[in-house]
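Architecture at a glance
If you want the building blocks of each chain, they are given just below.
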Amino acid sequence: MKDEIDIPVQKEEDFAAANIRRDNYSRIRDIQAMEFNAAIASRLQSEGENIIKCEKCGKEFSTDISEKDIMKCPECR
Ligand SMILES: [Zn+2]
């Protein structure tokens, strides 16, 4: 009697678990694709933003400083 009840429940759980696994798999793939795109976007953005042309000597230099009003290279500051 106990087995007759347990078997359908077990099958239902397997079905639900399979659905959850499938959902998780596609969600993980979506997240990985999003993170990959975000990493590329932020890398391109930071490369573009952190190269500054010195307003005094015209030399291009990179900086970690995110402030955009710093327009002089370290030598001219
Ligand atoms: Zn300079």
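Residues numbered from 1 in each chain as written. Predicted model: local features only at pLDDT ≥ 70, side-chain atom pairs only at ≥ 80, totals over all residues. Heavy atoms only, no water.

Turning next to the overall build of the chain. The number of helices and strands found in the chain is one helix and two strands. Reading the helices (α) and strands (β) of the chain from amino to carboxyl end gives α-β-β. Taking all 77 residues of the chain together, 9% fall into the buried category. Restricting the contact set of the chain to residue pairs at least 6 apart, pairs at least 24 apart contribute 0%. Accessible surface, the chain: about 6900 Å² in total, of which carbon and sulfur atoms supply 55%. (Helix = DSSP H or I, 4+ residues; strand = E, 2+ residues; numbered from the N terminus. Buried < 20%, exposed > 50% of the residue type's maximum accessible area, 1.4 Å probe, protein only. Contact = heavy atoms within 4.5 Å. Areas by Shrake-Rupley, 256 points an atom, 1.4 Å probe, with all protein chains shown as cover.)

Our next topic: a nonpolar patch on the surface. A surface patch of nonpolar side chains, about 300 Å² in accessible area, is lined by Phe36, Ile40 and Leu44. Note that Ile40 resides in helix H1 (residues 2-50). (Patch = residues over 30% accessible without salt bridge, like charges linked within 9 Å, V, L, I, M, F, W, Y side chains within 5 Å. Salt bridge = Lys/Arg side-chain N within 4 Å of Asp/Glu carboxyl O.)

A few words now on the coordination of the zinc ion. Only Cys54 (SG), Cys57 (SG), Cys73 (SG) and Cys76 (SG) from the protein reach the zinc ion as donors, at distances of 2.3 Å. Note that the zinc ion binds four donor atoms; their angles at the metal cover 104 to 114°, and the shape is tetrahedral. Of note, the zinc ion draws all its donor residues from one chain, in the sequence arrangement C-x2-C-x15-C-x2-C. Placement of the pair is Cys57 in the loop between strand E1 (51-53) and strand E2 (60-62) and Cys76 in the segment after E2, with a sequence separation of 19 residues. (Donors = N, O, S within 2.8 Å, 3.2 Å for Na, K, Ca; no water. Tetrahedral: all angles 85-135°; square planar, octahedral: opposite > 155°, others 65-115°.)

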